[in-house]
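Now for the letters of each chain:
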Amino acid sequence: MVDEQESPAERQTMTNAELAILTLVGERPRHGYEIEQVIEERGMREWTDVGFSSIYYLLNKLAREGLIESRLEQAGQGPARKVYQVTAAGQEALREALLAALSVPERYPSSLLLAVGNLPVVAPGEALGALEAYRARLAERLARIRERREAQQPLPYFVDALFDYSISMIEAEMAWIERFTVQVRQETS
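Read on for an overview of the structure. (Residues numbered from 1 in each chain as written. Predicted model: local features only at pLDDT ≥ 70, side-chain atom pairs only at ≥ 80, totals over all residues. Heavy atoms only, no water.)

### Looking at the pattern of salt bridges
Think of it this way: side chains of opposite charge can pair up when their charged atoms draw near.
Stage number 1. Here the structure, examined in full by the defined rule, presents 14 salt bridges.
Stage number 2. A salt bridge links Arg42 to Glu27, with the shortest nitrogen-to-oxygen separation between them at 2.7 Å. Within this pair, whereas Arg42 is found in the loop between helix H2 (32–41) and helix H3 (55–64), its partner Glu27 is found in helix H1 (residues 16–27), the two being separated by 15 residues in sequence.
Stage number 3. By relative accessible area, which is 16% here, Arg42 ends up buried. (Salt bridge = Lys/Arg side-chain N within 4 Å of Asp/Glu carboxyl O. Helix = DSSP H or I, 4+ residues; strand = E, 2+ residues; numbered from the N terminus. Buried < 20%, exposed > 50% of the residue type's maximum accessible area, 1.4 Å probe, protein only.)

Structure, rendered in structure tokens:
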């Protein structure tokens, strides 16, 4: 039996959070707190599950997998910071993961779809109230994203595209919720 090294394509698929961290380190070497700042500035938490507390866990995991490496860097008179940079294997894994993400639509598990699929379990009035609350929360999220986008103009085209995608998806989901709410009212009256 031939002992072959695992290629990035054969490696277990990266989570959304791992890919987000790897992309930020792949842009340029960064320390953990800077990664948190970029995540906030770009509104990345609207589309990825990277909590502040998980950044260092993910950095350590990517380092163990050989996708990034770290070095201590002195910044002024303060304490040295651990700065992470992508390795050659990490660059290849990042390239392959990004190409896969750009070319293969994924199915995301959604509690909304699970709830809709089991709608008869709740009373129609409760369902309508919950759907209206869902739509209101989407409207609040949409307003926050638009404000954040506007406050940071001008943005690089690819960062602006992230905001545009989030806005477009929320608008589409709001339109769907509105249509479905009308349908629920018709079916239950």
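### A word on the layout of surface pockets
Stage number 1. Here the second largest pocket is characterised by a volume of approximately 160 Å³.
Stage number 2. Lining the second largest pocket are Leu112, Ala115, Val116, Asn118, Leu119, Val121, Val122, Ala127, Ala130, Leu131 and Tyr134.
Stage number 3. Listed by contribution, the elements that provide at least two residues to the lining of the second largest pocket are helix H5 (111–117) and helix H6 (124–151).
Stage number 4. A per-element tally of the lining of the second largest pocket places H6 first, with four residues. (1 Å grid on protein atoms, 1.4 Å probe; cavity = no way out; pocket = protein on both sides within 12 Å on 5 of 7 lines; lining within 4 Å. Points joined across faces, edges and corners; volume = space filled by probe spheres on them.)

### Focus on the packing of aromatic side chains
Stage number 1. Following the criterion strictly, the structure yields two aromatic pairs and no others.
Stage number 2. Taking the centre distance of 5.1 Å and the plane angle of 10° together, the rings of Trp176 and Phe180 count as stacked. Residue Trp176 and its partner Phe180 are located together in helix H7 (residues 157–188), separated by four residues, close to a single helical turn.
Stage number 3. Its relative accessible area of 30% is what places Trp176 among the partly exposed residues. (Phe/Tyr/Trp six-rings, centres within 6.5 Å; stacked < 30°, edge-to-face > 60°.)

### A look at H1
Stage number 1. Helix length check: H1 (12 residues) gives 17 Å between terminal C-alpha atoms against 16 Å at 1.5 Å per residue, within 8%.
Stage number 2. Close packing links the buried residues of H1 with strand E1 (30–31), H2, H3, strand E2 (68–73), strand E3 (81–86) and helix H4 (88–103). (Expected span 1.5 Å × (residues − 1). Contact = heavy atoms within 4.5 Å.)

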